[in-house]
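Structural overview for review
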Amino acid sequence: MATHVSGSGTPIAHGAGGGHAHHSDHRSLGHWWIRIAWSTVVGGALGLALPFLLRFVFQMDPLWNEQVTVACIALFSGLGFVAGSGCFDWWVRWLLGKPVDYDDHSFHGANSWRDYFRLNTDHKVIGAQYLGVIFFFLVVAGSLAELVRTELAQPGSQITNGEGYNTLFTGHAAIMIFLVLIPAFAGLANFALPIMIGAKDMAFPKFNALSVWMLPPAGFMMLAGVMLGGWSSGWTAYVPLATQGGTGTTLFEIGAQFAGFSSIFTAVNFLVTIFTMRAPGMTIWRMPLLVWANATTSALVVFGTPFVAVSQFMTMFDRIMGTHFFDWAFGGNVISYQHIFWFYSHPAVYIMLIPGFGIISEVISTFSRKPIFGYRAIAFSTVAIAVLGFGVWAHHMFVSGMAPWLRIPMMATTMLIAIPTGVKIFGWLGTLWRGRIHLDAPMLWALGFMSTFVVGGLSGVFVAILPVDIFVTDTYYIVAHIHYVFFGGSMFTIFAGVYYWLPKMTGRMFNTTLAKWHFWLTYIGFNATFLPMHWLGLVGMPRRVMDYDPRFANLNLFISAASILMVVGTVLFFVNIYQTIRSGPKAPWNPWRGRTMEWLVSSPPPLFNFDAVPQVVGGPYQYGHVGARHAIIYAPDEVGGGEYVETDRPNILVIARDAVTSKPVLDAIRQLDHNGHWRFTLVSPAEDGQDVAGIERRQRLAQSILERSGAVVATKVVTGEPVAAIAAAATDLHAHEILFATLGLGQSDWLRSDLVDRVRKATGVAVSHVTLSAAEAAESVHDAALSHVHVIAPNGVDSAIVDAIRDRVDASPARITLTVPAAVPAPEWGDEANTRRAEAITAVHAAVESLRNQGLSIKGEVWDGSLLDAAKAIAKADRPDEVLVAGQVTEEQLDAIDLVSRNATVRTLTGGAR
Amino acid sequence: MLISQAFDWLPEAASLESNSVDALIWWCIWVSIGVFTVVITFLLYSIWKFRAPDGEDLDGAPLHGHTGLEIIWTIIPTVIIGVTAVWSAIVVVDNEKVSAAPGGPMYVDVVGRQFVWDFTYPELGITTGDLRVPTDRQVILRLQAKDVIHSFFVYETRIKGDAVPGIVNDRVRFTMKTGTAGKSYPIVCAELCGAGHSVMRARMYVLSPGDFDAWTATAKREAVAAKG
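Okay, so let's go over this structure.

Parameters and conventions
- Every chain is numbered on its own, with residues counted from 1 as its sequence reads.
- Lettering for chains starts from A, numbering for ligands starts from 1, and both go in the order in which the items are written.
- Where local features are concerned, this predicted model is filtered to residues with pLDDT of at least 70; where side-chain atom pairs are given and counted, the filter is 80 or more; whole-chain, interface and lining totals use all residues.
- Based on all heavy atoms of the structure, the side-chain values leave hydrogens and waters out of the count.
- Secondary structure follows DSSP: runs of H or I at least 4 residues long count as helices, runs of E at least 2 residues long count as strands, and numbering of each begins at the N terminus.
- For the exposure calls, accessible area comes from a 1.4 Å probe over protein chains only, and a residue counts as buried if that area is under 20% of its type's maximum, exposed if over 50%, partly exposed in between.
- Here, residues are in contact when the closest pair of their heavy atoms is within 4.5 Å.
- Think of a 1 Å grid over the protein atoms and nothing else: a 1.4 Å probe that fits but is trapped marks a cavity, an open set flanked by protein within 12 Å on at least five of seven lines marks a pocket, and residues with an atom within 4 Å of a point count as lining.
- Grid points are joined across faces, edges and corners, and a volume is the space filled by probe spheres set on the points.
- Residue polarity is assigned by list, with Asp, Glu, Lys and Arg as charged and Ala, Val, Leu, Ile, Met, Phe, Trp, Tyr, Cys and Pro as nonpolar; anything else, Gly included, falls into the polar class.
- To get an axis, fit a line to the C-alpha atoms, keeping to the stretch in contact for a helix; angles then go from 0 to 180 degrees between the N-to-C directions.
- Any angle between 65 and 115 degrees counts as roughly perpendicular, while under 35 counts as roughly parallel, over 145 as roughly antiparallel, and the rest as oblique.
- If you view the pair so one helix is near and one far, a crossing is left-handed when the near helix is turned anticlockwise from the far one by less than a right angle, and right-handed when it is turned clockwise.
- Paired strands, in this sense, are two strands between which DSSP finds at least two bridges.
- Accessible-area loss on putting two parts together, using a 1.4 Å probe and summing over both, is the definition of buried area adopted here.
- Note on definitions: salt bridges are taken to be side-chain nitrogens of Lys or Arg within 4 Å of carboxyl oxygens of Asp or Glu.
- Under the rule applied, a polar contact is a pair of N or O atoms within 3.5 Å (in protein, one hydrogen donor and one hydrogen acceptor; residues adjacent in sequence only if both atoms are side-chain atoms).
- Two rings from Phe, Tyr or Trp (for Trp, the six-membered ring) form a pair when their centres are within 6.5 Å of each other. A pair whose planes differ by under 30 degrees is stacked, one over 60 is edge-to-face, and the rest are tilted.
- The criterion is that NZ of a Lys, or CZ of an Arg, lies within 6 Å of the ring centre and within 35 degrees of the ring normal, and then a charge sits over that ring.
- Each residue after the first adds 1.5 Å to the expected span of a helix.
- To get the bend at any residue, fit one axis to the seven residues that end at it and another to the seven that begin at it, then take the angle between the two axes.

1. Notes on the overall build of chain A
Check the secondary structure of chain A and you find 29 helices and 13 strands. Overall size of chain A, expressed as C-alpha extent along the three principal axes, is 105 × 65 × 65 Å. By residue count, 62% of the 914 residues in chain A fall in the buried class. For chain A, contacts bridging at least 24 residues in sequence account for 77% of all contacts bridging at least 6.

2. Focus: empty space enclosed by the protein
One pass over the full model with this rule turns up seven cavities of 30 Å³ or more. What the largest cavity holds in volume is close to 220 Å³. Lining the largest cavity are 23 residues, and of these Ile182, Ala186, Ser263, Val301 and Ile351 of chain A lie nearest its centre. Within the residue set of the lining of the largest cavity, elements represented by two or more residues are helix H5 (162-196), helix H8 (247-276), helix H9 (289-320) and helix H10 (334-351) of chain A. Take the lining of the largest cavity: its biggest share by element is seven residues, from H8 of chain A. In terms of residue class, the lining of the largest cavity is made up of 15 nonpolar, eight polar and no charged. Volume-wise, the second largest cavity comes out at about 100 Å³. For the lining of the second largest cavity, the secondary-structure elements that each account for two or more residues are helix H16 (466-472) of chain A together with helix H3 (67-95) and strand E8 (169-175) of chain B. Here the lining of the second largest cavity takes three residues from H3 of chain B, the largest share from any one element. Grouping the amino acids of the lining of the second largest cavity by side-chain chemistry returns six nonpolar, one polar and four charged.

3. Points about the packing of helix H28 (residues 867-878) of chain A against helix H29 (residues 891-900) of chain A
Residues and elements named next belong to chain A. Running from amino to carboxyl end, H28 crosses H29 at an angle of 20°, the nearest separation of the two axes being 9 Å. One finds that H28 runs roughly parallel with respect to H29. The interaxial crossing formed by H28 with H29 has right-handed handedness. Seen from H28, the contacting residues are Leu867, Leu868, Ala871, Lys872 and Ala875; seen from H29, they are Gln893, Ala896, Ile897 and Val900. Here the residues of the contact of H28 with H29 are counted per class, giving seven nonpolar, one polar and one charged.

4. Comments concerning the sheet that holds strand E10 (residues 201-207) of chain B
Residue and element names in this part refer to chain B. Strand order across the open sheet formed by five strands is E4-E10-E9-E6-E7, with mixed pairing between neighbours. Looking at which strands have only one partner, the edges of the open sheet turn out to be strand E4 (131-134) and strand E7 (159-163). When strand polarity is set aside, the average angle formed by the axes of neighbouring strands in this sheet is 25°. Inspection of the sheet shows E4 paired to E10 by four bridges, in the parallel sense.

5. A look at the environment of Gly132 of chain A
For Gly132 of chain A, the location among the structural elements is in helix H4 (residues 123-152). In sequence terms Gly132 of chain A and Ala184 of chain A are 52 residues apart; their C-alpha atoms lie 9.4 Å from each other.

6. What to know about the interface of chain B and chain A
Think of interface size as the accessible area that goes away when the parts come together; that is how it is often given. Contacts between the two partners involve 79 residues from chain B, matched on the other side by 85 residues from chain A. Sorting the residues of chain B by area buried against chain A places Phe50, Trp73 and Leu192 of chain B first, and these three jointly supply 10% of that buried surface. If you look at where chain B meets chain A, you find four salt bridges. Where Arg407 of chain A meets Glu96 of chain B, a salt bridge forms, and the shortest distance between an N and an O atom there is 2.7 Å. Counting across the chain B and chain A interface gives 22 residue pairs in polar contact (both at pLDDT 80 or more). Going through the elements one at a time, helix H2 (16-50), H3, E7 and E8 of chain B are the ones with two or more residues in the side of chain B that touches chain A. Of the residues forming the side of chain B that touches chain A, the biggest block, 16 residues, is contributed by H2 of chain B. The residue inventory of the side of chain B that touches chain A, partitioned by class, reads 47 nonpolar, 17 polar and 15 charged.

7. Observations concerning the packing of aromatic side chains
Applying the stated criterion to the full structure yields 80 aromatic pairs over all chains. Taken together, a centroid distance of 5.3 Å and an interplanar angle of 85° make the contact between Phe135 of chain A and Phe573 of chain A edge-to-face. Residue Phe135 of chain A is found in helix H4, and its partner Phe573 of chain A is found in helix H19 (residues 553-583); the two are separated by 438 residues along the sequence. As far as burial versus exposure is concerned, Phe135 of chain A and Phe573 of chain A are alike and both buried. Relative to Trp292 of chain A, the ring of Trp285 of chain A has its centre 5.2 Å away and its plane inclined at 35°; by these criteria the two rings are tilted. Judged by relative accessible area, which is 26%, Trp285 of chain A ranks as partly exposed. A relative accessible area of 9% places Trp292 of chain A in the buried class. Taking the ring centre of Trp285 of chain A as reference, the NZ or CZ of Arg376 of chain A above it sits at 4.1 Å. Across the ring face of Phe153 of chain B, the terminal group of Lys160 of chain B is positioned such that the distance to the ring centre comes to 3.8 Å.

8. Thoughts on H9 of chain A
Counted at 1.5 Å a residue, the expected span for H9 of chain A with its 32 residues is 46 Å, and the 45 Å between its end C-alpha atoms agrees. The sharpest bend along H9 of chain A reaches about 35° and sits at Gly304 of chain A, with the proline Pro306 of chain A one to four residues further on.

9. Brief notes about helix H1 (residues 29-57) of chain A
Taking 1.5 Å of rise per residue, the 29 residues of H1 of chain A would be expected to cover 42 Å, and the 41 Å separating its terminal C-alpha atoms lies within 8% of that figure. Positioned one or two residues after H1 of chain A, Gln59 of chain A has a phi angle of 50°, which is positive.

In C-alpha cells:
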C-alpha cells in the first residue's frame, strides 16, 4: 500500500486495497511541540482566569478559591495539550464547515523516529506511542516504589514523614494502575489486534490518536500531584480522607478523568474494530485468544470505567463545590463511595489481567508449537471472569461496616472466579504437554507468569474467604497479593508481549542474552521482594505504614535490597529496547513461527498492513496439522494476486543511469522499502558504445547503500533501443511497477524522447517518476551507509593510480575523496606556487573526470601543504574510514599518517595494511 | 510440616474465634500448597520433557483439548471451593453470634479519630484510651469514627472492623480465652487515616473477670472523682 511521495508525476498507490493516497504531513516536529506548549499554556491561563472572572461577576467571596482554580487549570491545560497535539484538528475543520478529506491519511504511518513523537493515526505507531508513554511512567512509578522501599528499609522515619510516605505509595499505585498497566495492554493490542483480525487499522484512527494523547496529561497531573503534595489518601482515594486532601488530590481527580476517558475511547474503538472489521472467514471461533480477551476487556471498560470517573467527580464536587454526596455530616454516605469505586475498580483488576491472559495464550501456543488446549474453554472462561467480575466488588469491603448480609454472597461469587481462572491455567499447562517448547524470552516471561500468577491467584482465594479476609485485609498480605497479581501477573505478561511483538514492531531482533538477564533478575528480585510480605502481613504488619514493629527490621531491609534486582533488570530491558531500535539485526517476518496473521506480513508490517484483503481459512493455532492454514495473505491484483509470502516480493524496476546513486533516488527507494514489501532491480539502459562497466559500478554502489538499510536489490544493465529493452526487462523480471529517475524536462534526453510514457504504454505496468536537478544527479554520493575512502597521492596522479582506485572500488563499494598535497613552495601566492597548484588541479581534474566516467563516486581536492598536513586536515574534517596513500612514501611517513588518522585504517594503495 | 514448625506462621490465637479462623487458614494453606505443587511440578516437568533443541522446527502434537479432563479440572476446584465457602460461612455466623451466656456480651463504644482511639463503656459510664476486656465474656465493639475511616484490629483476635463516620459497625465480636488474662495486645489502625496512620496505636489489656471488676470499680471511682 506504499505510495510514491517524492518527485513529480502522478502518485500511484500500490495494492488493490482501496487506493489510499498517502501524503505525509510535512510540518516539523518543532512546529507540533511548540503548538502543544502554547496550547497547554493558553489552556492553563484560561483555567486560571475563568474561576476568578466568574467569582468576580457573581461577587463571590473570597474571589480566590485555590482548589477550584487548580481543578480548572488542570482540566483546561490538559485539554490544551490534547488540542495542541492536533487530535481535534480534523473535527474542528468539519465543525466549521471547512472542506475535510474523509480519506485523509496524511497523519498515517511513520517514516522516521520523528513521526512517533507527534500526532499519528496509524494503529502501529499509536501502539508504539502507548508503550513509550507507559515506559516513561513505569520509570516514574518504579522510582516512587524504590523511595517507598528506602523509607521502609528500617523502622522509624528514614527519608520522609507520614504525609510524605503516604504520598509516595499513593503516587506509585495510581501511576502504575492508570498510566502503566491499563494503557500498556491498550498499546500492545493496538499494535497487534488489527493485524490479527486482518484489518487495515482500527475502526476510528483519529479517535485512537486521541486516546493516546490523553494519557500524558493524566500522567503529568499525577506526577505533579506527588510533587505538590496534598495527595495521600491511597490510590483508592477513600472519602473522607480524600476530602481532606489538597492540590494533589484535585490533580488526581482530574487526571483520573483523562486516563479514564482515554481508556473508554480505546475500548469503544476495540469493540467496533473487533465486531465490524474482521477479515472474511474470521468467525468468532477463529479469533486468536488475544482478540477474545480484548473484546471482553473492552466491554468491562465501557461498563465499568464511568463509575470510577463518577466517583472521582463526586469526591471532587464534595471537596470544592460544596456537594454532600459522601459528607456524612450532611446526610451523605461514606460507604457508598466504596461501593461506586469498587464497582469499577474490581473489574479493573480484570481489565489489567484479561488482556495479559490473551498475550499468554498466544505466547504459550506459539512457543510450544501446539494448539491451545481447550480453546473454547479458555475463551468462555474469559467471558465468565468478566461477567462474574461485576458481582464481586464488595469483597473489598468485608470489614467496612456495609450491610452484613452482602458479605457471604459476595464471598461466593468471588471464590467462583477461581474456577474459570483455574480453567485457563490448566489449559495453558495442557498446551505445554507434548509440545516442542522453545524457551525464548517471551516464553520465559509466560512461564514465569504462570508460576507467580498461581501464587497470586491462590492468595486471592484466601482473601475471598470472609473470615480469612477479616483477618488479613489491610495487612501486608494484601500488598503481597496485589503485587503477585499486578506484577507477577500483569507486568510479566506485558514484558512477554513486548518481547513477543518487538521484532514485528521494530523490524529488528532484540538481544536474547540481555532479555534473559532481564527475566531472571526480575523474577528472582520479584519473588524475594514480595514473597516475604505474605508472612509479614500474617504475623503483624499492617499495610500503608511508614513505621513498623522493630522485629520486622531485618526482613524489611532484605525486601528493600531485593527490590533493587528488579531495578537492574528494568535498566537492562530499556538498554535492550534502545539497542534493538538502533542497531538490532533485521527481523524476519516470522521469527517465532507464530500462526496468527501478524506473522504473515512483513516486519514491520506495511503501511496499511495488507495489500489485499486476507482470507481466513482456519483456526489460529493449528500446529501439528499438516497443511493447515489460518489465513491466506494475498498479493495485490496488479501482480496477479495469489498468495503472498515472505520470499516473494513484488519487483519494482528502478530505471536510472547516472542518477542511480543520487540522493533523491536512494531516498525514494528507501521510502518504498519502508512502507511495503518489495524488491528492487536497478535497471540502467546503456547507450550504444557506452562503458557498461562504469554503469555497473554505479549500480553496485547504489546496491550496497540500499542493502545496508535492509532493501533487497538486484541490478541489470540493458542495451539496445531503450523502450524495447526496458519492456523486455519488465517481462523477464515480473515487474510490479516501474520507477523512473530522470533529469527535469528540457534537460533529460529520456523525457525528450518521451521514454517514460512509451514505457508505460509498452509495459502496462504502473509507472512513477522521480525528477532531479542536474546538480542532484551530479552530486557525489555522501551517504553514511557507504564507507568513505580517502586517497592521498603525494606525487601526483597517474593512470596507474586511477586504475588502482578503480580496482579498490570494484573490490568493495566506497566513495572516494582524492587529495593531492601539492606542497607549494613559499610564498604561496608566488608564481611558482601558482604553477604547481594549477598543475595539481589539472591532474586531479583529469583523474576525477576519468573515474566518474567509469562510474565511481569521487571528488578531488588539492592541498597546498605537505602530505602530513593533508592527512591531518582530512582526518579532522572528513573522518574517513580508510586512508590510502598512493605513490612513493617511506615507512616513517606512513607511520606518521597512521598516527594522525584517528580510527581510519591506513594502507598504501597497492596494498599493505598498517 | 517442617516449614510450619520452623517459624510462626500466625500470631498467638488469643480469642476463642481465632481457633476456627486458624483452622480455615491452615486448610487454605495446605490446599494452596497442593495446587501450587501440582501446577509447578507439571510446568517444570513439561519444560524438562518437551523442551525442543535449538533450531528445531517441528510442531507439537495436535491436541486441541480433552473434554473429560476439562470437566474434571472444573469440578474438582468447584467442590473444594464449595466446601470452603460453606465452612467459611459457618465460621462467620458462629463467630458473630451474640452470646446467650448469663450477663450477655459486654458492649464497648469505640470512637476512632486522627490518631487516637476512645473506648467508652456504656454500662460503666467511663471512657479510656486503652481497651480493657475481661476473659471469657463476649465483647462487642460498636465502632464509629469522628473524622475519617479507621479500622480497629487486634492481630491476636483475628478480627477487624472499620470505624466509619456516620455509621456504627458492630461486627467486631470476640471472646478472649481464659489463658490470656494478664496479657496485653497492640491495637492497630488498619485503614489508612492520614499522616499519623502508622502511629495510631493503643493497647488492649486482658483481665481475668475478677481483675476486670476490680478495675471497673476503681475506674468508676476515679471518674466520679474527676467529675466532682
